[in-house]
Amino acid sequence: MDLAFVASGKHWSDKLVGVNIECLTDSHLDLPGDLKQVRRALLSVTDKTGLVEFARTLAEFGVELVSTGGTSKALREAGLTVRDISDLTGFPEMLDGRVKTLHPKVHGGILHIRSNESHVAAVTEHEIQPIDMVVVNLYAFEKTSQKPGVSTAEIIENIDIGGPSMVRSAAKNFEDVAIVTSVADYALLAEELAANGGSLGRATRWRLAKAAFAVTAAYDAGIASALESLVDSDTPHAPAVFDTEKLPETVRLIEPRSTVLRYGENPHQKAALYADGTGTGVAAAKQLQGKELSYNNLVDLDACWELVSEFDETAVVIIKHTNPCGAATGSTVLEAYTRALASDPVSAFGGVLGINREVDGAAAEEIAKLFVEAIVAPSFTEDALARFAAKKNLRLIEIVPARTPRVVKQVSGGLLVQDSDHRHVTEDELTVATKRKPTAEEMRALLFAWNVCKHVKSNAIVYARFEDGHGQTVGVGAGQMSRVDAAKFGAMKAVLPLAGSVAASDAFFPFPDGLEVVAAAGATAIIQPGGSVKDALVIEAADRLGVAMVFTGVRHFRHG
């Protein structure tokens, strides 16, 4: 997630118009006689998709095209008549293109209020010609700053100055000027121009202005965030170095709304999904079939994907209310699913599945026997899609793999930000605390259980086993107020035999009683962080019960 945040509520709009501009709606702006003729348009774009077609539409309505640099070249090559910006201003483009539109004849032409006599007199005196439309998209700063090996000098040079200035000028004067910042608007504007003889309505100009201010806000936030993590260097032409470990001084979340959801966690709550624009992860996943995704579906899908991504081998996870009720690895998706389902087939009903491999027809045929809300996976074979097709309400989600680098949680009055818990432990990092060492099979089961346990709400105890080369959950005790209760609940939920299983605890045992419950349930080995002031008593109890215990030195609390 790009940490770029602009506070909502009263902000820049208060200073501009005396009220919160976001509180106004288009219905306030649909007034009689609100059409404005477009006679002169200034075009200066980085993304030239659809540019020629849109410019040709403008020319058909007699609009004079004024342009800069590469945009002017592209339009001329398409056979259009274009006036250079230097001809409009009387000054050449200079300083390697840094200065071309920063001129009174550009901004005066955009900003003067047509109904204000003194404004009209001033532009007439200085021979400033009105500009009725500005078509601008900005230098691709974020794309440039993320290029491998990009230099600090190149990053700085790709900070657009003239573009945002024109965007803001045109957006501020939306009463008289249309500001176009999105290629997606070209077709709609062409239709409206055709319907109104080359004019645009006030509601359209207002919509474009709001979108334009959002563009400049996001653009500036992206620059600020990138530069904040950029390590200063006296060799600006060397590859830039970013400090990705430190948390930002200012959190800037600029993430456009991608979907309005039917409701939130409950029907009386409003909700929407906002995407970070990377095209990865659950927020950007492609829905192949099924009902509209709900807020709760998306939360569960994310929990599913985060857990199943822990495993390099083929794995399937079944989530219910963000907690795993079944998780397993296998040689195939079918085998992993069968083992995950066997962990808790009752709780799996109505759950959400996460699968870290392509789902094939054999797995789909078996999964289709269970009522499942949604399945997230990197891909589905045509055979799998055909087998799922009969289950019209089943949501199939194809994801471009990604894991969240940071976690942002809102609290009253502010935000909490932390790195995501992607910490892995290896066998070499573990400390054997007891007289008996875990067997090789127990050790594999312990590491499997540990990976699952970090995704279970605290207090958490996970029972697991390792058979035929693969891990499988046996019982999950989630979200209990005491660790003893979590141990009891996990054992109570077990469908598979607990005898010979292992157990993972997300935090240390404060007293021997939790360990004693785990041992009584049938677990022969335990993995836990260690670090309690009562560790010696817990180790003594484990030795007395013949249980092998290892310490990770790492805790995995999950509170929300």
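Note that the structure is a prediction, hence the values are computed from the model and not measured.

Novice: Honestly, a nonpolar patch on the surface in this entry has me stumped. Any pointers?
Specialist: Taken together, the side chains of F91, M94 and L95 present a nonpolar region at the surface, about 300 Å² in accessible area. On the secondary structure map, M94 appears in the loop between helix 4 (85–89) and helix 5 (104–111). Looking at M94, the relative accessible area reads 33%, which means it is partly exposed.

Novice: Please clarify how the pairing of strand 9 (residues 271–274) should be interpreted in this entry.
Specialist: A regular strand places its side chains on the two faces of the sheet in alternate fashion. On strand 9, burial follows the alternation: A271 and L273 on one face are buried, whereas A272 and Y274 on the facing-out side are not. Where strand 8 (residues 257–261) meets strand 9, four bridges bridge the pair, whose relative direction is antiparallel. Along strand 9, the bridge assignment pairs L261 with A271.

Novice: I'm lost on the pairing of strand 15 (residues 395–398) in this one. Help?
Specialist: Pairing geometry for strand 10 (residues 286–289) and strand 15, over three bridges, is antiparallel. Bridging from a neighbouring strand, K286 pairs with E398 of strand 15. Relative to strand 15, strand 14 (residues 372–377) runs parallel, the two being bridged by four bridges. Among the inter-strand pairings, A374 is bridged to a residue of strand 15, identified as R395.

Novice: Looking at this model, I keep getting lost on the side chain of S347. Mind explaining?
Specialist: Tracing the chain through its elements places S347 in the loop between helix 13 (333–343) and strand 13 (351–355). A relative accessible area of 16% places S347 in the buried class. Within the structure, S347 has its side chain in polar contact with the side chain of K493 (distance 3.0 Å).

Novice: When you look at the layout of surface pockets in this model, what are you seeing that I'm missing?
Specialist: If a probe the size of a water molecule is rolled over the atoms, the empty space left behind becomes visible. In this structure, the second largest pocket encloses a volume near 400 Å³. Along its surface, the second largest pocket is lined by 25 residues, and G97, K100, Y139, D160 and G162 are the ones closest to its centre. Among the elements of the structure, strand 2 (40–45), helix 3 (69–77), strand 5 (133–137), helix 8 (152–157) and helix 9 (162–172) are those that each provide at least two residues to the lining of the second largest pocket. Broken down by element, the residue count for the lining of the second largest pocket peaks at three residues, all from helix 9. In the lining of the second largest pocket, the residues fall into nine nonpolar, 10 polar and six charged.

Novice: What's the story with the domain arrangement of the protein chain in this structure? I'm lost.
Specialist: By a frequent convention, interface size equals the accessible area lost on bringing the separate parts together. The assigned domain composition of the protein chain is domain 1 (36–229), domain 2 (270–398) and domain 3 (427–551). If you average the C-alpha positions of domain 1 and of domain 2, the two centres end up 45 Å apart.

Novice: Help me understand the confidence of the model for the protein chain in this model?
Specialist: When pLDDT drops low, the exact placement of atoms in the prediction is not to be read closely. When pLDDT is averaged across the protein chain, the result is 88; 94% of the residues are at 70 or more. Counted against residues more than four places away or in other chains, residues 1–32, with its pLDDT under 50, gives 57 contacts.

Novice: It is not clear to me how the state of the cysteines should be interpreted in this structure. Could you clarify?
Specialist: Applying the stated rule across the entire model yields zero disulfides. C325 supplies the cysteine sulfur nearest to C304, a cysteine that is in no disulfide, at a spacing of 8.8 Å. Classification of C304 as buried rests on a relative accessible area of 0%. With no disulfide of its own, C453 lies closest to C325 among cysteine sulfurs, the gap being 15 Å.

Novice: Teacher, can you tell me more about the environment of D243 here?
Specialist: The residue D243 is located in the loop between helix 11 (202–229) and strand 8 in this model. Along the sequence, D243 and N393 sit 150 residues apart, while their C-alpha atoms lie 45 Å from each other. Apart from residues lying up to four places away in sequence, D243 is in contact with S229 and V231.

Novice: Could you clarify how one ought to interpret the nonpolar core in this entry?
Specialist: Among soluble globular proteins, nonpolar side chains are generally buried collectively. With 52 residues, the main nonpolar core has L43, L58, I110, M133, V134, V135 and I179 as its most contacted residues. Setting aside residues up to four positions removed in sequence, V135 forms contacts with L42, L43, S44, V45, F54, V180 and Y186.

Novice: What is the right way to read the environment of E467 from this model?
Specialist: You can see E467 is positioned in strand 19 (residues 461–467). As a C-alpha pair, E467 and A445 span 22 residues in sequence and 8.6 Å in three-dimensional space. Within the local environment of E467, its side chain forms a polar contact with the side chain of R465, the two groups lying 3.5 Å apart.

Novice: Explain helix 2 (residues 51–60) here, please?
Specialist: Owing to its 3.6 residues per turn, the α-helix aligns residues three or four sequence positions apart on the same side. Taken together, the buried positions of helix 2 are L51, V52, F54, A55, T57 and L58. Among the structural elements, strand 2, strand 3 (64–67), helix 3, strand 5 and helix 10 (186–195) are those in contact with the buried residues of helix 2. Phi turns positive one or two residues past the end of helix 2, at G62, with a value near 80°.

Novice: Looking at this model, I keep getting lost on the sheet that holds strand 6 (residues 178–180). Mind explaining?
Specialist: Within a sheet, adjacent strands bond to each other through the backbone by hydrogen bonds, running parallel or antiparallel. The five strands are arranged 4-3-2-5-6 in an open sheet whose pairing can be described as parallel. Unpaired on one side and paired on the other, strand 4 (83–84) and strand 6 mark the two borders of the sheet. Here five bridges tie strand 2 to strand 5, and the two strands are oriented parallel to one another. The residue bridging L43 from the neighbouring strand is V135, located in strand 5. The sheet strands contacting helix 2 are strand 2, strand 3 and strand 5, and the helix crosses strand 2 at an angle near 175°.

Novice: Help me out: how do you make sense of unusual backbone geometry in this one?
Specialist: Leaving glycine aside, a negative phi is the common case for residues, and trans is the common case for peptide bonds. Between S458 and N459 the backbone carries a cis peptide bond, its omega angle lying at -10°. Inspection of the secondary structure assignment puts N459 in the loop between helix 16 (440–453) and strand 19. Within the chain, T322 stands out as a residue other than glycine whose phi angle is a positive 70°. Mapped onto the elements of the fold, T322 is located in the loop between strand 11 (315–320) and strand 12 (323–329). Since its relative accessible area comes to 16%, T322 is described here as buried. If you check the backbone angles, D468 has positive phi at about 55° while not being a glycine. Residue placement: D468 occurs in the loop between strand 19 and strand 20 (470–477).

Novice: Explain the pattern of salt bridges to me, please; I cannot follow it from the model alone.
Specialist: Two side chains that carry opposite charge are able to pair once their charged atoms sit near each other. Counted according to the given criterion, the structure contains 21 salt bridges. As a salt-bridge pair, K454 and E310 come within 3.1 Å of each other at their nearest N and O atoms. Taken as a pair, K454 in the loop between helix 16 and strand 19 and E310 in the loop between helix 12 (295–308) and strand 11 lie far apart in primary sequence, 144 residues in all. Residue class for K454 comes out buried when judged on its relative accessible area of 1%. Its relative accessible area of 5% is what places E310 among the buried residues. Among the charged side chains, a network of salt bridges with common partners joins R40, E64, R83 and D87.

Each value, and the rule that gives it
- Residues numbered from 1 in each chain as written.
- Predicted model: local features only at pLDDT ≥ 70, side-chain atom pairs only at ≥ 80, totals over all residues.
- Heavy atoms only, no water.
- Patch = residues over 30% accessible without salt bridge, like charges linked within 9 Å, V, L, I, M, F, W, Y side chains within 5 Å.
- Areas by Shrake-Rupley, 256 points an atom, 1.4 Å probe, with all protein chains shown as cover.
- Salt bridge = Lys/Arg side-chain N within 4 Å of Asp/Glu carboxyl O.
- Helix = DSSP H or I, 4+ residues; strand = E, 2+ residues; numbered from the N terminus.
- Buried < 20%, exposed > 50% of the residue type's maximum accessible area, 1.4 Å probe, protein only.
- Pairing = 2+ DSSP bridges.
- Polar contact = N/O pair within 3.5 Å; in protein donor to acceptor, adjacent residues only side chain to side chain.
- 1 Å grid on protein atoms, 1.4 Å probe; cavity = no way out; pocket = protein on both sides within 12 Å on 5 of 7 lines; lining within 4 Å.
- Points joined across faces, edges and corners; volume = space filled by probe spheres on them.
- Nonpolar A, V, L, I, M, F, W, Y, C, P; charged D, E, K, R; others polar.
- Domains from an automatic or database assignment.
- pLDDT = per-residue confidence, 0-100.
- Contact = heavy atoms within 4.5 Å.
- Disulfide = S-S within 2.5 Å.
- Core = buried A, V, L, I, M, F, W, Y, C linked by side-chain atoms within 4.5 Å.
- Axes fitted to C-alpha atoms, helices over the stretch in contact; angles between N-to-C directions.

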